Amino acid sequence: MPNTTLTGQVAVSRAPGGSLNVRDDLPPTQHYIAGAFDAVDHSGPRTDVVDPSTEQVIAAVPQGTAADVDRAVAAAVAAKDSWARLVPKERSTLLHRIADRIERNSEVLARLESANTGKPFEVSNDDVAGTVDTFRFMAGALRATTSMAAGDYAENHLSVILREPLGAVGVVTPWNYPLLMAAWKIAPILAAGNTVVIKPSEQTPLTTLKFAELVGDLLPAGVLNVVSGLGATVGARLTEHPDIDMIALTGSVGSGKAVARGAADTLKRVHLELGGKAPVVIFADADLDDAAVSLRAASYWNSGQECGAACRILVHESVAEAFTRKLVEQVSTFVVGEPGAGDDVEIGPLVSKAHFERVTAYLERAAQQGITAAIGGAALDRPGYFVAPTVLVGVPDGAECAREEIFGPVVTVETFTDEDEAIRRANDVPFGLSASVWTENARRSHEVAARIDAGTVWVNSHLVLANEVPWGGFKGSGYGRDLSIYALDDYSRTKHVMHNHGR
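Fair warning: this is a prediction, and the values are worked out from it, not measured in the lab.

Engineer: Residues and numbers for the sheet that holds strand 17 (residues 372–375), please.
Structural biologist: Here seven strands make up an open sheet; going across it, the order is 17-18-19-15-14-21-22 and the pairing mixed. If you trace the sheet from one side to the other, it starts and ends with strand 17 and strand 22 (456–459), each paired once. Sheet twist, expressed as the average angle between the axes of neighbouring strands with direction ignored, equals 25 degrees. Contacts between helix 13 (residues 419–427) and the sheet are confined to strand 14 (279–282), strand 15 (312–316) and strand 19 (410–416), with strand 19 contributing the most and set at about 145 degrees to the helix.

Engineer: Tell me about the domain arrangement of the protein, and name the residues and values.
Structural biologist: Partitioning the protein into structural domains gives domain 1 (64–275 + 477–497) and domain 2 (276–459). Listed as interface residues are 19 residues of domain 1 and, on the opposing side, 21 residues of domain 2. Summed over both partners, the interface of domain 1 with domain 2 buries about 1,700 Å², with 61% contributed by carbon and sulfur atoms. Viewed at the interface, domain 2 and domain 1 are joined by seven residue pairs in polar contact (both at pLDDT 80 or more). Counting residues per element, the ones that place at least two in the side of domain 1 that touches domain 2 are helix 3 (106–117) and helix 4 (121–141). For the side of domain 1 that touches domain 2, the element with the highest residue contribution is helix 4, accounting for four residues. Across the side of domain 1 that touches domain 2, the residue classes break down as seven nonpolar, eight polar and four charged.

Engineer: Go over the sheet that holds strand 8 (residues 157–165), please, and point to the residues and values.
Structural biologist: Within the open sheet, the three strands sit side by side as 7-8-25. Their pairing is antiparallel. Strands with a single pairing partner mark the edges of an open sheet, and in this sheet they are strand 7 (151–154) and strand 25 (492–500). Each neighbouring strand pair of the sheet contributes to a mean axis angle of 45 degrees, computed without reference to strand direction. Bridge count between strand 8 and strand 25: nine bridges; the pairing is antiparallel. Each bridged residue has a counterpart across the sheet, and for Leu162 the counterpart in strand 25 is Lys495.

The rules we used
- Residues numbered from 1 in each chain as written.
- Predicted model: local features only at pLDDT ≥ 70, side-chain atom pairs only at ≥ 80, totals over all residues.
- Heavy atoms only, no water.
- Pairing = 2+ DSSP bridges.
- Helix = DSSP H or I, 4+ residues; strand = E, 2+ residues; numbered from the N terminus.
- Axes fitted to C-alpha atoms, helices over the stretch in contact; angles between N-to-C directions.
- Contact = heavy atoms within 4.5 Å.
- Domains from an automatic or database assignment.
- Buried area = accessible area lost by both parts, 1.4 Å probe.
- Polar contact = N/O pair within 3.5 Å; in protein donor to acceptor, adjacent residues only side chain to side chain.
- Nonpolar A, V, L, I, M, F, W, Y, C, P; charged D, E, K, R; others polar.

Below is the structure:
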């Protein structure tokens, strides 16, 4: 076990051996098209894949072109009819086999994810387990889809409602959960009978490519295709491609707007899971100890690089001081370090230099505005893109740090005086992905949850997810639902067939 010291109010753990050695775990760094890794010569530009704990290059992947996307889309289109014709039992069996394959290779996937993103093993292992469960759930759900009952709704005419695949679906996934977000898209898309072309983030493509390497032999050629590259090229071509029937994105609000605009010309369906700025409304009667312990995880999971993170706390003025003290005590127990530094590491680096500079700039501007860091508040003086877990206090209504998505280990604390003010301010952001309400008053919890404009509202908890329930937002957080049977609905279409049986 490495030595642990206290630096800048948080415990910092350093691995004696440096970065994770994943050279033997790496997938082929080529596009995966029509059931094989690309044999096409990619002598053009490549993107370095960087370990954010050490700032060292792990690998390099090709910057795909529009022509690469066209080849992948052609493969998906060629495969879509035969894949759609499989009966649910056959598709279900294949999805279960994918889940089994991922489970058997969970250690290598977790190592790759941690090396590429800097995630502590606790987070990477949870991502892999979530990936397995996502495929298992969709494998079962596709065999039990329901719709309106067949019947005569017009005299002497029998109506039958069919649910059909859309066809070929384009997917763009983010850098914060590369494997898990790929699974959240791929599993329901395949379960509903579609084929897929996916563009992983150019910063974190390794586990998506590894996924293709591990499960490619289980699927007919062309059902799953992976093209690496930049959003402005690969993502844009996927979005505008006339043979893509739907584009699904998890990413920033800016990326979502670009996808929606690009899809407009072909009138293709759009599925957007975008950013968040989750309000956490803590009333005076809340269990403050429970809230502080729960938010320790829900605010800082994956170093706060989580669209549903409990990042914006609104606490009743009468208990604000007591709650803040309890939260700071919880945050002070975090151990920050690279994944190989030990099992006690809970906070890793931010994913990239650019994102590190973005988050620290928010902290610098907050300090200039007179906002105080009760703990943290700056980068850690060490290699890698590490920012200390931070609690900002004295945050005025409307402050930049409380309205914009920082996407790092940063939590803001504001106060309110009454219920109406709390709800108004909770809703006064462009996002509407998630929120939580903390109170022992059952009547209040129902009413406040109903009045908060977010796709998921937790009561006396935060960031608890399950494959059986939907995930998605309102307002600037996008539209469409991941997880649950609602995702299957999103990736399919209904057809009404009416038979005249009059005699």
